[in-house]
Amino acid sequence: MGIFVIDSFSPYNISENKSFRNFVGTLNPMYNIPGEKSIRINIIPELCREIEENVKKFLEKHLDAGCSISFDFWKGVNKESYLETTLTLIDRDFKVNTLALSRLTAKG
């Protein structure tokens, strides 16, 4: 649920939406949809900790690799502007790895 909320830029209270609940219930009637408070206080922070730990381990493993940081600014179909910070590096196996470090909604 946390990955869905993050990837889709959905608000935490999507789980309270009747149409969303009906849709998920149709896909899997046994799935217990977490509430907004659980998503906000438990699921998203835990997911962020896991991602942060995985990124740290990955970077430590490839500490000697060259990397670049880029910034991308765009406007979505929802008319909101976004700024994303991306790290790209080539690991010891010459595989290109790209990590989105942050995505911010620009105001104004």
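Relevant structure appears above.
Quick notes on the rules
- Residues numbered from 1 in each chain as written.
- Predicted model: local features only at pLDDT ≥ 70, side-chain atom pairs only at ≥ 80, totals over all residues.
- Heavy atoms only, no water.
- Helix = DSSP H or I, 4+ residues; strand = E, 2+ residues; numbered from the N terminus.
- Rg over C-alpha atoms; globule rule 2.2 N^0.38 Å.
- Buried < 20%, exposed > 50% of the residue type's maximum accessible area, 1.4 Å probe, protein only.
- Contact = heavy atoms within 4.5 Å.
- Areas by Shrake-Rupley, 256 points an atom, 1.4 Å probe, with all protein chains shown as cover.
- Lys, Arg positive; Asp, Glu negative; His and termini not counted.
- Charge placed at Lys NZ, Arg CZ, Asp CG, Glu CD.
- Core = buried A, V, L, I, M, F, W, Y, C linked by side-chain atoms within 4.5 Å.
- Pairing = 2+ DSSP bridges.
- Axes fitted to C-alpha atoms, helices over the stretch in contact; angles between N-to-C directions.

1. Some words on the overall build of the protein
Point 1. Counting its secondary structure elements, the protein contains three helices and three strands.
Point 2. The C-alpha atoms of the protein give a radius of gyration of 18 Å, which is well past the 13 Å a tight globule of 108 residues would have.
Point 3. Taken along the three principal axes of its C-alpha coordinates, the protein extends 50 × 35 × 25 Å.
Point 4. In the protein, which comprises 108 residues, the proportion classed as buried is 22%.
Point 5. Intrachain contacts of the protein at a sequence separation of at least 6 include 32% that bridge at least 24 residues.
Point 6. Carbon and sulfur atoms form 57% of the exposed surface of the protein, whose accessible area is close to 8200 Å².
Point 7. Mean positive and mean negative side-chain charge positions of the protein (14 and 14 charges, respectively) differ by 7 Å.

2. Overview of the nonpolar core
Point 1. Val5, Ile14, Phe20, Val24, Ile33, Ile39 and Ile44 form the largest nonpolar core, which has seven residues in total.
Point 2. Listed by contribution, the elements that provide at least two residues to this core are helix H2 (18-27) and helix H3 (36-61).
Point 3. Not counting residues within four places of it along the chain, the set of residues in contact with isoleucine 14 comprises Met1, Phe4, Val5 and Phe20.

3. Some remarks on the pairing of strand S1 (residues 67-75)
Point 1. The pairing of S1 with strand S2 (residues 81-90) spans nine bridges and is antiparallel. Note that in S2 the partner of tryptophan 74 across the bridge is tyrosine 82.
Point 2. Connecting S1 to the next strand, S2, in antiparallel fashion are five residues, including lysine 79 with a positive phi near 75 degrees.

4. As for the sheet that holds S2
Across a sheet, strands are paired by hydrogen bonds formed along the backbone, either parallel or antiparallel in direction.
Point 1. Strand order in the open sheet made by the three strands is S1-S2-S3, with antiparallel pairing throughout. Each edge of the open sheet carries a strand with a single partner, namely S1 and strand S3 (96-106). Averaged over all neighbouring strand pairs, the angle between strand axes comes to 20 degrees, with direction disregarded.

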